[in-house]
Amino acid sequence: MHKIHSVTLAAILYSQLITAQTVTRFQPTHPEMVQRYLRASRIDSATKNAVFKTSVTAVWLPGGKSCWYRNLLKDSVQEYIYVDVVKAKKQSLFHRQRLAEGLQQAGITIDSLRPFLSAIELPAGKPLLRFTVQGQRIECNLNNYTCTRIPMPVEPAAGSGQGRFRGGFNNPFPAGSTSPDKQWEAYIEKGNLFIKPANGGGTPIQFTTDGTPDKPYGAAYWSPDSKYLAGYHINLVRDSSVYYILTSLSGTMRGQLRSQPYKQPGDAWTLYAPFLFNIEQQKAMKVKAEPIDFLNAPEPHWRKGDARYFTYEKMDRGHQRFRVIEVDAANASTRTVIDEQTSTFIYNSRNYTHYLTATNQLLRTSEKDGWNHIYLVDLITGKEQPVTTGNWVVRGVDSIDAVKKEIWFRASGMNAGEDPYNIHYYRIGFDGKKLTSLTPAPGNHTVVFSDDKTYFTDTYSQVNIAPRTVLGRTADAKEIMLLEEADLSIYKLAGVSPPEVFVAKARDGVTDIWGIVSKPSDYDPAKKYPVLENIYAGPHDAFVPKNFTPYSEMQSLAELGFIVVMIDGMGTANRSKAFHDVCWKNLADAGLPDRIGWIKALAQKYPFVDAERVGIYGTSAGGQSSTGALLFHPEFYKAAVSACGCHDNRVDKQWWNEQWMGFPVGKHYDEQSNVTNAPKLQGKLLLIVGEADTNVPPESTYRVADALIKAGKSFDLLSIPGMGHSDGGVYGRMRKRDFFVKHLMGVEPPDRNAGELPAFAEVGRERWSFQ
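Residues numbered from 1 in each chain as written. Predicted model: local features only at pLDDT ≥ 70, side-chain atom pairs only at ≥ 80, totals over all residues. Heavy atoms only, no water.

Draft legend 1. Representation of the overall build of the protein in the model. A count of helical and extended segments in the protein gives 12 helices and 42 strands. For 771 residues, the compact-globule estimate of 2.2 N^0.38 gives 28 Å, and the protein sits close to it at 30 Å. With respect to the principal axes defined by its C-alpha atoms, the protein has extents near 95 × 75 × 70 Å. The proportion of buried residues among the 771 residues of the protein is 53%. Working note: accessible area of the protein is about 34,500 Å², and carbon and sulfur atoms make up 50% of it. Within the protein, one finds 88 positive and 80 negative side-chain charges whose respective centroids are separated by 2 Å. (Helix = DSSP H or I, 4+ residues; strand = E, 2+ residues; numbered from the N terminus. Rg over C-alpha atoms; globule rule 2.2 N^0.38 Å. Buried < 20%, exposed > 50% of the residue type's maximum accessible area, 1.4 Å probe, protein only. Areas by Shrake-Rupley, 256 points an atom, 1.4 Å probe, with all protein chains shown as cover. Lys, Arg positive; Asp, Glu negative; His and termini not counted. Charge placed at Lys NZ, Arg CZ, Asp CG, Glu CD.)

Draft legend 2. Highlighting the packing of aromatic side chains. Here the structure, examined in full by the defined rule, presents 28 aromatic pairs. Measuring from centroid to centroid gives 6.5 Å for W60 and Y455, while their planes differ by 15°, and the two rings are stacked. With W60 in strand β2 (residues 59-60) and Y455 in strand β32 (residues 455-462), this pair connects stretches of sequence that are 395 residues apart. Take W60 and Y455: they sit in the same class, and that class is buried. For the ring pair W302 and F310, a centre distance of 4.7 Å and an interplane angle of 55° mean the geometry is tilted. The two residues W302 and F310 agree in class, both being buried. Among the aromatic residues, those joined into a ring-pair cluster are F502, Y523, W598, Y606 and F608. The ring centre of W408 lies 5.1 Å from the NZ or CZ of R427, which sits over that ring. Its guanidinium or amino end placed over the ring of F345, K577 lies 4.0 Å from that ring's centre, counting from NZ or CZ. (Phe/Tyr/Trp six-rings, centres within 6.5 Å; stacked < 30°, edge-to-face > 60°. Lys NZ or Arg CZ within 6 Å of the ring centre and 35° of its normal.)

Draft legend 3. Spotlight on the pairing of strand β18 (residues 283-286). As defined by bridge partners, strand β17 (residues 271-278) adjoins β18 across 4 bridges and the pair is classed as antiparallel. Bridging across to β18, F277 finds its partner in A284. (Pairing = 2+ DSSP bridges.)

Draft legend 4. A look at the confidence of the model for the protein. For the protein, the average pLDDT comes to 93, and 94% of its residues sit at 70 or higher. Taken as a whole, residues 158-169 scores under 50 in pLDDT and shows 21 contacts with residues more than four places along the chain or in a different chain. (pLDDT = per-residue confidence, 0-100. Contact = heavy atoms within 4.5 Å.)

Draft legend 5. Highlighting the pattern of salt bridges. For the structure shown, the criterion picks out 46 salt bridges. As a salt-bridge pair, D594 and R507 come within 2.9 Å of each other at their nearest N and O atoms. Of the two residues, D594 is situated in helix α7 (residues 592-605) and R507 in the loop between β35 (500-505) and β36 (512-518); the sequence distance between them amounts to 87 residues. Among the residues examined, R507 registers a relative accessible area of 37% and is labelled partly exposed. What you see here is one network of salt bridges that share partners, running through E290, D293, K314, D316 and R323. (Salt bridge = Lys/Arg side-chain N within 4 Å of Asp/Glu carboxyl O.)

Draft legend 6. Up close: a nonpolar patch on the surface. On the surface, Y243, I245 and L257 cluster together into a nonpolar patch covering about 330 Å² of accessible area. Considering the arrangement of structural elements, one finds L257 in strand β16 (residues 256-261). Since its relative accessible area comes to 56%, L257 is described here as exposed. (Patch = residues over 30% accessible without salt bridge, like charges linked within 9 Å, V, L, I, M, F, W, Y side chains within 5 Å.)

Draft legend 7. Focus on the sheet that holds strand β13 (residues 217-222). Ordered in space as β13-β14-β17-β18, the 4 strands form an open sheet in which the pairing is antiparallel. The open sheet has two edge strands, β13 and β18, and neither has a second partner. The mean angle between the axes of side-by-side strands here comes to 30°, regardless of whether they run parallel or antiparallel. (Axes fitted to C-alpha atoms, helices over the stretch in contact; angles between N-to-C directions.)

Draft legend 8. The arrangement of the sheet that holds strand β30 (residues 436-437) in detail. An order of β27-β28-β29-β30 is seen for the 4 strands of this open sheet, with the pairing classed as antiparallel. On the outer flanks of this sheet lie β27 (393-401) and β30, each paired with one strand and no other. Alignment of strand β28 (residues 406-412) against strand β29 (residues 423-429), held across 7 bridges, turns out to be antiparallel. Paired with E406 across the bridge in β29 is G429.

Draft legend 9. Seen up close, α7. The terminal C-alpha atoms of α7, which comprises 14 residues, lie 20 Å apart, in line with the 20 Å expected from a rise of 1.5 Å per residue. Lining the buried residues of α7 we find β35, β36, β37 (527-534), β38 (563-567), β39 (609-619) and α8 (621-632). (Expected span 1.5 Å × (residues − 1).)

Draft legend 10. Highlighting helix α9 (residues 654-661). Of all 8 residues making up α9, 7 are buried, and the element is well covered by its neighbours. For α9, the set of buried residues is Q654, W656, N657, E658, Q659, W660 and M661. Buried-residue contacts for α9 involve α6 (577-581), α8 and α10 (667-671). Trailing α9 by a residue or two, G662 shows a phi angle of about 85°, which is positive.

Draft legend 11. Expanded view of the environment of G390. The residue G390 is located in the loop between β26 (384-386) and β27 in this model. In this structure the C-alpha to C-alpha distance between G390 and G370, which are 20 residues apart in sequence, comes to 9.3 Å. Here G390 is in contact with W371 and H373, once residues within four sequence places are set aside.

Draft legend 12. Structural view of unusual backbone geometry. Here the residue pair F663 and P664 is connected by a cis peptide bond, since its omega of 5° sits within 30 degrees of zero. Along the chain, P664 falls in the loop between α9 and α10. For A119, which is not a glycine, the phi torsion comes out positive at approximately 50°. Within the secondary structure layout, A119 lies in strand β6 (residues 118-121). Positive phi, normally seen in glycine, also occurs at A332, with a value near 65°. Position of A332 among the secondary structure elements: in the loop between β21 (321-328) and β22 (333-341).

Draft legend 13. Geometry of the pairing of strand β20 (residues 309-315). A large share of β20 lies buried, amounting to 7 of its 7 residues. Alternating residues of β20 divide into Y309, T311, E313 and M315 and F310, Y312 and K314, and every residue in both groups is buried. When strand β19 (residues 301-302) meets β20, the two strands line up antiparallel, connected through 2 bridges. By the bridge assignment for β20, W302 is matched with F310. Between the end of β19 and the start of β20, which pair antiparallel, lie 6 residues, with G305 showing a positive phi angle near 90°. Linkage of β20 to β21, two consecutive antiparallel strands, is achieved through a turn of 5 residues, within which G318 is found at a positive phi near 105°.

Draft legend 14. Looking closely at the environment of N657. Here N657 is to be found in helix α9. Taking the C-alpha atoms as reference points, N657 and A466, separated by 191 residues in sequence, lie 37 Å from one another. Beyond its immediate stretch of four places on either side in the chain, N657 contacts P265, L587, N649, D652, G662 and Y669. Among the polar contacts listed, one links the side chain of N657 to the side chain of D652, at a separation of 2.9 Å. (Polar contact = N/O pair within 3.5 Å; in protein donor to acceptor, adjacent residues only side chain to side chain.)

Draft legend 15. Fine view of the side chain of K653. Among the secondary structure elements, K653 is positioned in the loop between β40 (639-643) and α9. Judged by relative accessible area, K653 falls into the buried class, the value being 9%. There is a polar contact of 2.8 Å between the side chain of K653 and the side chain of D652.

Draft legend 16. Geometry of the state of the cysteines. Enumeration according to the criterion identifies 0 disulfides in this entry. No disulfide involves C583; its nearest neighbouring cysteine sulfur is the one of C646, lying 13 Å away. (Disulfide = S-S within 2.5 Å.)

Draft legend 17. Focus on the environment of A494. Along the chain, A494 turns up in the loop between α4 (489-492) and β35. In this structure A494 comes out as buried when scored by relative accessible area, which is 18%. Each C-alpha atom, one on A494 and one on R42, is 8.9 Å from the other, the two residues being 452 residues apart in sequence. Ignoring any residue separated from it by four or fewer positions in sequence, one finds A494 in contact with A46 and T47.

Here's what the structure looks like:
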């Protein structure tokens, strides 16, 4: 029989005792609440910049056998570390005090503990250190620390940008105007295509006559053999503008009108009709294919060994069909090489393609088997074969080695018993064999490879497990040495803990839903605390943190007396296609049925969770979802704070909304709009909007307010002058916590006008990138 540790047994018995007793609601008085605000502010300050050595940004030196990195320590003290990979040893990159003395002799005064060096170089085989400090370029001899000023390196001129073309009419020759054989120069004049001899002699050849400034020819590429130009006849569409007013600019008593072009769902796109230009025959031919009516002009990929053929990609508007189309330049006919269609959506921004020019092959990703995987396509025969398979998700391709025929990629969900969102790094052959896990340790990994990919640094953690950074070898995935472990010594003095992980079943009763829980550091298990959900249900990703999260706004809110949770419900990314498909034409769903079930399961397991007092807050797509929670699930959610929400998907940006709500714009857009459903409001609502929001037009929020006013509903509206796409900043976060304290606890928040609290106590430090 296994022994149970006495402390663990005591905890179990105490928990059972508490469960058997009556658990009462946490209900502070107003003076007690004021003290909780002050206490939360002190904890905010105590945890700020309190964790060190959480990651390593290695700078690999020439040869790939050594690297250096910088640690930022308490009070901004810096240490610079040199790593000898072969010997598996690390040491200080330089002696800080001696360097400061050497620089002093050169007329530069620095703080030896905080030197703030940049652009560091270590010339191979020489005891020299080159760096920039205080705008000066320095070379220091590490034998005697003699420092000499040297010229600043000359920045290289900007290149012509030969990467994959995503632009439009502003760049008529994205691959260069001169033919590969240097015989011809192409140019556009008054919207028409011409070529002329590159040596300056001879008569120009005009290929088109119907081009105009509004309908020009352009976006043209030369074939490798200089026999053809592949381009487009372009019908330009200029987007309509959205407007906002800046009300509080200094230096003027008048509000200032601002505008920007802004494409909304249903708006037209520039059309690109594919054309071929035969140089020998001096003939223009319209390609026998429909025009590109969505996104920008695709780049042609010419066949190796026979430049008569090229392929291009076409994503149909509505995101339900993706094709790779081959063009025969001899007669402008086409053949479909890949034709992927779906009844829901193809996730365009993760639709990865990589052309293997030497072998006329294509590596691409697809969710056609229900999970995002890599496929190898023969562009001549059209034969496609899977490289990766299984009930897990390829999260990204890091690099392709065409010589070794290897793919280096990230994936999640492959490790049984582990959080399915954790990212691990892998290597696999083009044939799908020799799958190698480079980062087998449990956790969410971030890897930086040496230039030759022989070695790598790997920082990994979990939301409640501190980071480790190790040096690894790619040949056998062996850990060579530990570089750093996070220093939590100061953080632990604050008396708080990272969030806890909780898993419950989705609405289908089968699928696991993952989330995190933050509770007050002084919580009493004999009390029931109201719940706040931090929601961002944008289907373009998953948003529950997976890296170590020692402190956040969620914990700051929890210190007031809330249980604060964050959940990735169905309809978000990084799981199966079926999991993601829940969002299709269904953004109002926001995974809320899964979230409600998850919170109820949490309350069933932990009596201190009060599932009868639940609030929800979010920004951007989270602003839409938090308001939607009150409108569509008033039986569960009682209060919401919604910042800069995209409340009506017809008002928000085209690319994001048509990806998930589809095209054409149908009645489901109206049916799911928070504006349309505003009369359903039952709970307490605070709307926050920045007047200078250039991401989601401010009228998205004002239209909800207008509908609520017309329906005779009570709500609060906070419009912040000059603020852009934001949760309201420090002031907005202050108002958010006051709102929930009042409406979920029934306690008046501190009266700052009466001096009960400083005007701006620290109120969390959340950082987000909102869509």
